[in-house]
Amino acid sequence: MADFINVAVDAMGGDNAPVEIVKGVVDAVHANDHVKVYLTGQEELVRRELEKYTYPADRIEVVNATEVIETAEPPVMAIRRKKDSSMTVALNLLRDGKGDAVVSAGSTGALLTGATLIVKRISGIRRAAMAPVLPAGERGVMLIDCGANVECTAEYLLQFAYMGSFYAKKMMGCENPRVGLLNVGTEDTKGGELQHQAFALLKNADEEGRINFIGNVEGTGVFNGTADVVVTDGFTGNVCLKTIEGASKVLFGAIKDAMMSTTKGKIGALCVKDGLKGLKNQVSPDTYGGAPLLGVKGACIVGHGSSGAVAVENGVLTTARVVRQGVSEI
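Everything quoted here is computed from the prediction, not taken from an experiment. (Residues numbered from 1 in each chain as written. Predicted model: local features only at pLDDT ≥ 70, side-chain atom pairs only at ≥ 80, totals over all residues. Heavy atoms only, no water.)

**A few points about the sheet that holds strand E10 (residues 229–231)**
Inference 1: Taken in spatial order, the five strands of this open sheet run E6-E7-E10-E8-E9, and their pairing is mixed. This sheet does not close on itself; its edge strands, each paired only once, are strand E6 (133–134) and strand E9 (212–217).
Inference 2: Where E6 meets strand E7 (residues 141–144), two bridges bridge the pair, whose relative direction is antiparallel. Residue Val133 lies in a different strand from E7, and its bridge partner there is Met142. (Pairing = 2+ DSSP bridges. Helix = DSSP H or I, 4+ residues; strand = E, 2+ residues; numbered from the N terminus.)

Written out as structure tokens, the structure is:
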């Protein structure tokens, strides 16, 4: 294996590009001496941001890309028409072997499309899947899929279970990952036709010793430590993920308002400030840097559109770990 893990970062992707993207990349190369980053984007703008920092010049290289894919553009059309976009150039580096991984906070749809069309899926994998690791217990819980595949078959869900289990072993430290199927109840007969078919396939795989399937998991059970990997279709998974993110923001906002409403509350807030800050960081998407895209030839991290420097730094460091652990070589 080469001395460096080469990560291609889309410098123009996301709401805070290129300012926060460049800062996060600089922080990442300072945090890990074995990471080299190719920043793809409009060279003049990217270099202007880099001039603000001190960094090892041999570990950040700017690769010019004249175009930018906007969030509202149709994904397939954007990838096919904008051959010199910052995202496309980053994916080309991965495809051509110059990069080992890609990180982008740009259009999720475009990145999913580009990864499939340019980088290609791993042989035998029918669909790539977005798989964020959510804070739960000591190791977290993976929710797969979270938006890559709105319509799924039971066979897709079975493959998601295999990919999620492999990731959980390599990256989350789970010796025998417990796989649950997201459903409206824990009973075997719950759910619609998709869930019934998927349940049968997952149960059969468990009986053959290929996965550790524990049965259905309700939404309330995602965070209670029952499962290490929760499998679902992309539509349900995305709704679940966005609901969790929204509820978290509302909860922390309500706690802040309650504490700031009285003098006693303000005094109490000072006492628990550090604890609340730690908890907020634990549940923040920035802590994880984005969602791994499993099933493509190479490590890809799909960053949140509002990613700041912390999210970008963690996204780069996570992809480096994914490459080192061979997760992208399923």
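**Some details on the packing of helix H6 (residues 154–171) against helix H10 (residues 309–325)**
Inference 1: Interhelical geometry of H6 versus H10 gives an angle of 100° and a closest axis separation of 10 Å. Here H6 is positioned roughly perpendicular relative to H10, judged by the angle of their axes. Across from Tyr167, Lys170 and Met171 in H6, the residues of H10 making contact are Thr318, Arg321, Val322 and Gln325.
Inference 2: For the contact of H6 with H10, the per-class residue count stands at three nonpolar, two polar and two charged. (Axes fitted to C-alpha atoms, helices over the stretch in contact; angles between N-to-C directions. Parallel < 35°, antiparallel > 145°, perpendicular 65-115°, else oblique. Contact = heavy atoms within 4.5 Å. Nonpolar A, V, L, I, M, F, W, Y, C, P; charged D, E, K, R; others polar.)

**Some details on the sheet that holds strand E12 (residues 299–302)**
Inference 1: If you walk across this open sheet you meet the seven strands as E3-E2-E1-E4-E12-E11-E5, and the pairing is mixed. A strand with exactly one partner marks an edge of an open sheet, and here the two such strands are strand E3 (60–64) and strand E5 (129–130).
Inference 2: In the packing of helix H2 (residues 43–50) onto the sheet, the strands contacted are strand E2 (35–41) and E3, and the crossing angle to E3 comes to about 160°.
Inference 3: Taken strand by strand, helix H5 (residues 108–119) contacts strand E4 (101–104), E5, strand E11 (291–294) and E12, and its axis lies near 165° from that of E12.

**Some words on helix H7 (residues 193–207)**
Inference 1: Helix length check: H7 (15 residues) gives 21 Å between terminal C-alpha atoms against 21 Å at 1.5 Å per residue, within 8%.
Inference 2: For H7, the complete set of buried residues consists of Gln195, Ala198, Phe199, Leu202 and Ala205. Projected down its long axis, H7 shows its buried positions confined to an angular sector of 130°, all on one face. Away from its buried face, by an angle of more than 90 degrees, H7 presents the exposed residues Glu193 and Glu207. (Expected span 1.5 Å × (residues − 1). Buried < 20%, exposed > 50% of the residue type's maximum accessible area, 1.4 Å probe, protein only. Arc of directions from axis to C-beta.)

**Thoughts on a positive patch on the surface**
Inference 1: A contiguous patch of positive charge, built from Lys120, Arg121, Arg126, Arg127 and Lys297, is present on the exposed surface.
Inference 2: Take Arg126: it is sitting in the loop between H5 and E5. (Patch = residues over 30% accessible without salt bridge, like charges linked within 9 Å, V, L, I, M, F, W, Y side chains within 5 Å. Areas by Shrake-Rupley, 256 points an atom, 1.4 Å probe, with all protein chains shown as cover. Salt bridge = Lys/Arg side-chain N within 4 Å of Asp/Glu carboxyl O. Lys, Arg positive; Asp, Glu negative; His and termini not counted. Charge placed at Lys NZ, Arg CZ, Asp CG, Glu CD.)

**Section: the pairing of E9**
Inference 1: E9 sits mainly inside the fold: five of its six residues count as buried.
Inference 2: Pairing of strand E8 (residues 178–182) with E9 involves five bridges; the strand directions are parallel. Bridge pairing in E9 places Leu181 opposite Asn216.
Inference 3: The parallel pair E8 and E9, bridged by H7, forms a crossover whose chirality is right-handed. (Right-handed = clockwise from strand over helix to strand, strands pointing away.)

**Details of the pairing of E3**
Inference 1: Summarising the sheet, E2 and E3 pair through five bridges and their orientation is parallel. Its bridge partner lying in E3, Leu39 is registered against Val62.
Inference 2: Between E2 and its parallel partner E3, the chain crosses via H2, and the hand of that crossover is right-handed.

**Concerning the state of the cysteines**
Inference 1: Inspection of every chain in the model, using the stated rule, returns zero disulfides.
Inference 2: Cys152 carries a free sulfur, and the closest cysteine sulfur to it, the one in Cys146, is 11 Å from it.
Inference 3: Looking at the unpaired Cys240, the closest cysteine sulfur is the one in Cys146, lying at 7.1 Å. (Disulfide = S-S within 2.5 Å.)

**Observations regarding the pattern of salt bridges**
Inference 1: Under the defined criterion, the tally for this structure stands at eleven salt bridges.
Inference 2: Between Arg48 and Glu44 there is a salt bridge, with the nearest N and O atoms lying 3.2 Å from each other. Of the two residues, Arg48 and Glu44 both sit in helix H2, four residues apart, roughly one turn of that helix.
Inference 3: A residue is classified by how much of its surface remains accessible, and Arg48, at 43% relative accessible area, is partly exposed.
Inference 4: Arg95 is the salt-bridge partner of Asp96, the closest N and O atoms lying 2.9 Å from each other.
Inference 5: On the basis of relative accessible area, Asp96 is assigned to the exposed category, the value being 53%.
Inference 6: With a relative accessible area of 45%, Arg95 lands in the partly exposed category.
Inference 7: The structure contains a network of salt bridges with shared partners spanning Lys36, Glu61 and Lys98.

**Digging into the side chain of Thr40**
Inference 1: Tracing the backbone shows Thr40 in strand E2.
Inference 2: Take Thr40: its relative accessible area is 0%, and that puts it in the buried class.
Inference 3: Excluding residues within four positions of it along the chain, Thr40 makes contact with Val9, Asp10, Ala11, Met12, Val63, Ser86, Val89, Ala90 and Leu93.

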